[in-house]
Amino acid sequence: MIGELNQRARILARATEPDGAGGVVESWNTVATVWAKLESLSGAEEFVAQAIRTRARYRVTVRRNAAFEPARRVAIGARTFRILDVLDDASPTLTLLCEELP
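Just so it is clear, the structure is predicted and the values come from calculations on it, not from any experiment.

> Any details on the pattern of salt bridges? Residues and values, ideally.
Throughout the structure, instances matching the rule amount to 9 salt bridges. Residue arginine 64 is joined to aspartate 88 by a salt bridge in which the shortest nitrogen-to-oxygen separation is 2.8 Å. In this pair, arginine 64 sits in the loop between β3 (51–63) and β4 (73–76) while aspartate 88 sits in the loop between β5 (79–87) and β6 (93–100), placing the two residues 24 residues apart along the sequence. In this structure aspartate 88 comes out as exposed when scored by relative accessible area, which is 52%. For the salt bridge of glutamate 100 with arginine 79, the shortest nitrogen-to-oxygen distance reads 2.9 Å. In this pair, glutamate 100 sits in strand β6 while arginine 79 sits in strand β5, placing the two residues 21 residues apart along the sequence. What makes glutamate 100 partly exposed here is its relative accessible area of 24%. You can call arginine 79 partly exposed: its relative accessible area is 31%. The structure contains a network of salt bridges with shared partners spanning Glu4, Lys37, Glu39 and Arg59.

Reading the values: the criteria
- Residues numbered from 1 in each chain as written.
- Predicted model: local features only at pLDDT ≥ 70, side-chain atom pairs only at ≥ 80, totals over all residues.
- Heavy atoms only, no water.
- Salt bridge = Lys/Arg side-chain N within 4 Å of Asp/Glu carboxyl O.
- Helix = DSSP H or I, 4+ residues; strand = E, 2+ residues; numbered from the N terminus.
- Buried < 20%, exposed > 50% of the residue type's maximum accessible area, 1.4 Å probe, protein only.

Rendered as structure tokens:
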């Protein structure tokens, strides 16, 4: 399984800073860089606000690392994924259930 982790992935954490006008500016900072395996799970289209929105779900497998939390994101190449859940089965790897962001 470890040999299948053939894509470089960045783990992103949300950061906010005051914008000087009473609000905040959101950014995403890299907290770790790891090797990953990306697999497509499903895709669907939804009709939301009079527009069709595509939703794609993926499984990202990585070596065990404390940097993974559902509030974080994974970036692989130019693609970014929201971590929906972290599945921990006590193996040397973690499975991240993710949704690709537009």
